[in-house]
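If you want the building blocks of each chain, they are given just below.
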Amino acid sequence: LVFIWTKILSFDISCQSDLVKDKGQKYFLAFLNDPQVPPDQRVIACFVLCAMCAGPYKPGQIAALQAGVLRSCLRQLSLPEEQGPDTALLLRWLCLCVASCCDGCDAARVEALRGFVPGLDPSVPVQTRSGGSPGIPLPARSFPTSLQLLLKSAAPALRAVAVHALGNLIGG
């Protein structure tokens, strides 16, 4: 099924509406999250999720956001790229999926930054500078370091997609 949808979407991106209508993102997300599936096959599922949001196609972005695609991609971006070329390819497609989800979608940007920027997540307490002016917020955690670390990759293609993902994540 993953391979079939990859072929369909690579030839006709307008089929993304059928994918969203059938709630296909859940199947592809489960495939992407399965650690038993080799990275080269998870790339294909990541492509389908990325294509579902491409355009930007707002219904696809919202469906992906509600299914947890963005959180899954950001979590998997911590895979060590040294595990082989298939893992490096998966990392590139995870970045592209983050970029596609966040492209023009403020809800996705807020979700991606939730917990990393003070005030976006009410459950994360805002800290203030000790000895400094009260009320100056400090991040409870740093900006998503998984994307930042990819900027230091030896692979130029991986650095390029990390920059693209960060640009869409912060509103570029």
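What you are looking at is a predicted structure, and each value in this text was computed from that prediction instead of being measured.

Asker: Which residues make up the overall build of the protein, and what values go with them?
Answerer: A tally of regular secondary structure across the protein gives 10 helices and 2 strands. Burial status across the protein gives 42% buried among its 172 residues. Pairs at least 24 residues apart make up 62% of the contacts formed inside the protein by residues separated by at least 6 positions. Of the accessible surface of the protein, which amounts to about 8,800 Å², a share of 60% is contributed by carbon and sulfur atoms.

Asker: Before we move on, can you summarise the environment of Arg-42 with the specific residues and values?
Answerer: With respect to the element layout, Arg-42 can be found in helix α4 (residues 39-53). Judged by relative accessible area, which is 9%, Arg-42 ranks as buried. Between the C-alpha atoms of Arg-42 and Leu-90, which are 48 residues apart in sequence, the distance is 7.0 Å.

Asker: I'd like to hear about the packing of helix α1 (residues 2-11) against α4, residue by residue, with values.
Answerer: Put simply, α1 and α4 touch, their axes get as near as 9 Å, and they point 40° apart. By the criterion of interaxial angle, the relationship of α1 to α4 is oblique. Between α1 and α4 lies a crossing of left-handed hand. Of the residues in α4, those in contact with Val-2, Phe-3, Trp-5, Thr-6, Leu-9 and Ser-10 of α1 are Ile-44, Ala-45, Phe-47, Val-48 and Ala-51.

Asker: Mind laying out α4, listing which residues take part and the relevant values?
Answerer: Taking 1.5 Å of rise per residue, 15 residues should cover 21 Å, and α4 covers 21 Å from first to last C-alpha, within 8% of that figure. Burial analysis of α4 places 11 of its 15 residues in the buried class, which makes it a mostly covered element. Along α4, the residues that are buried comprise Arg-42, Val-43, Ala-45, Cys-46, Phe-47, Val-48, Leu-49, Cys-50, Ala-51, Met-52 and Cys-53. Against the buried residues of α4 lie α1, α2 (16-21), α3 (25-33), α5 (58-67), α6 (69-76) and α7 (85-102). Gly-55 sits one or two positions beyond α4 and adopts a positive phi of about 135°.

Parameters at a glance
- Residues numbered from 1 in each chain as written.
- Predicted model: local features only at pLDDT ≥ 70, side-chain atom pairs only at ≥ 80, totals over all residues.
- Heavy atoms only, no water.
- Helix = DSSP H or I, 4+ residues; strand = E, 2+ residues; numbered from the N terminus.
- Buried < 20%, exposed > 50% of the residue type's maximum accessible area, 1.4 Å probe, protein only.
- Contact = heavy atoms within 4.5 Å.
- Areas by Shrake-Rupley, 256 points an atom, 1.4 Å probe, with all protein chains shown as cover.
- Axes fitted to C-alpha atoms, helices over the stretch in contact; angles between N-to-C directions.
- Parallel < 35°, antiparallel > 145°, perpendicular 65-115°, else oblique.
- Left-handed = near helix turned anticlockwise from the far one by under 90°.
- Expected span 1.5 Å × (residues − 1).

That's the geometry; what it means functionally is another story.
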